[in-house]
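Fold and contact review
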Amino acid sequence: MTLRFSVLASGSTGNAFYIESEQQRLLVDAGLSGKKMDGLFGKIDVDPSQLDGILVTHEHSDHIKGLGIFARKYNLPIYANEKTWQAMDHSLGKLTIDQKFQFDMASVRSFGDIEVESFGVSHDAAEPMFYTFRNNGQKVALVTDLGYVSERIKKTVEDADAYIFEANHDVEMLRMGRYPWNVKRRILGDSGHVSNEDSGLALADVISNRTKRIYLAHLSLDNNMKDLARMSVNQILAERGIEIELHDTDPETPTPLYEVSTVTERV
Ligand SMILES: [Zn+2]
Ligand SMILES: [Zn+2]
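Model, not experiment: these values are computed from the prediction.

Rules and cut-offs
- Residues numbered from 1 in each chain as written.
- Chains lettered and ligands numbered in written order.
- Predicted model: local features only at pLDDT ≥ 70, side-chain atom pairs only at ≥ 80, totals over all residues.
- Heavy atoms only, no water.
- Donors = N, O, S within 2.8 Å, 3.2 Å for Na, K, Ca; no water.
- Tetrahedral: all angles 85-135°; square planar, octahedral: opposite > 155°, others 65-115°.
- Buried < 20%, exposed > 50% of the residue type's maximum accessible area, 1.4 Å probe, protein only.
- Pairing = 2+ DSSP bridges.
- Helix = DSSP H or I, 4+ residues; strand = E, 2+ residues; numbered from the N terminus.
- Salt bridge = Lys/Arg side-chain N within 4 Å of Asp/Glu carboxyl O.

1. Remarks on the coordination of the zinc ion (ligand 1)
Bound to the zinc ion (ligand 1) on the protein side are Asp62 (OD), His63 (NE2), Asp145 (OD) and His218 (NE2), at distances that span 2.1 to 2.2 Å. Angles of 93 to 163° at the metal separate the four donor atoms of the zinc ion (ligand 1), which places the site in the irregular class. Between the two metals, the zinc ion (ligand 1) and the zinc ion (ligand 2), the spacing is 3.4 Å, and Asp145 donates to both. Take Asp62: its relative accessible area is 11%, and that puts it in the buried class. Assessed through its relative accessible area of 1%, His63 is described here as buried.

This is the structure in structure tokens:
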């Protein structure tokens, strides 16, 4: 018994995350068109009609663009908190009452053998929240779309086997880049996105001996590069004496389905 997951797509052009156990198959966000969502599932060889449900993090279009159409096509239940439902309901099209479920912020809910814990983040949406997933002593943490990583969040996500963690931008690239000032201020602000540096600092605090995998996620296309993100985060981890390989995510290509290993010690 173990958890397996794939970051199907990551970045401001669309986000989707898939996680499965023996009994459950869950999707988090459907931020690309229905057709693209099908294509992503095809690439990891998972049949979307086997999904058990879709969890939503927040109503930004890069997280819900294909949500309504995908949920209708496969008749899937959607889980989101009340304010997120209010903010996104009108844009999803017609859903039946048995497709709409409330999953409160800062709560724990069991989906078969996967225990999902939601936690709030500081981000400019109605009530944005992300998740940790537990099964059989294993833990996977999904953490993107947040302005900063609070101590409360660190406590919730610490000591996970695997992280999907935001490294949105390089601060210098963003400052020097072509974005208008108000957009720069939004991204740099407390309810925007986490920089490479802040990502590294937060990861250094939360990872432990049992951490085996880190995926850097939600990279800005304009203000970051995969190499730069990996290098910046790596450097900060190295300064703390932490050596761990960092993995990329991509806006269009899913990461290969990764099975969380049952080995507890990182070497
Ligand atoms: Zn986003
Ligand atoms: Zn967002």
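There's plenty left to go through after this.
2. Side note on the pairing of strand E7 (residues 108-111)
Looking down a regular strand, the side chains alternate between one sheet face and the other. Here E7 pairs with strand E8 (residues 114-120) via four bridges, running antiparallel. Each residue of the ladder has a partner; that of Ser110, found in E8, is Glu115.

3. Overview of the coordination of the zinc ion (ligand 2)
Distances from the zinc ion (ligand 2) to its protein donors, namely His58 (NE2), His60 (ND1), His123 (NE2) and Asp145 (OD), fall within the range 2.2 to 2.6 Å. Geometry at the zinc ion (ligand 2) is irregular, judged from the four donor atoms that bind it and their angles of 90 to 172° at the metal. Sequence positions of the residues that donate to the zinc ion (ligand 2) give the spacing H-x1-H-x62-H-x21-D.

4. What to know about the pattern of salt bridges
Opposite charge on two side chains lets them pair, provided their charged atoms get close. Considering all chains together, one arrives at 18 salt bridges under this definition. Across the salt bridge formed by Asp38 and Lys73, the nearest N and O atoms sit 2.5 Å from each other. Placement of Asp38 in helix H1 (residues 34-43) and of Lys73 in helix H3 (residues 67-73) is noted, with a sequence separation of 35 residues between them. Lys73 sits in the exposed class, given a relative accessible area of 54%.

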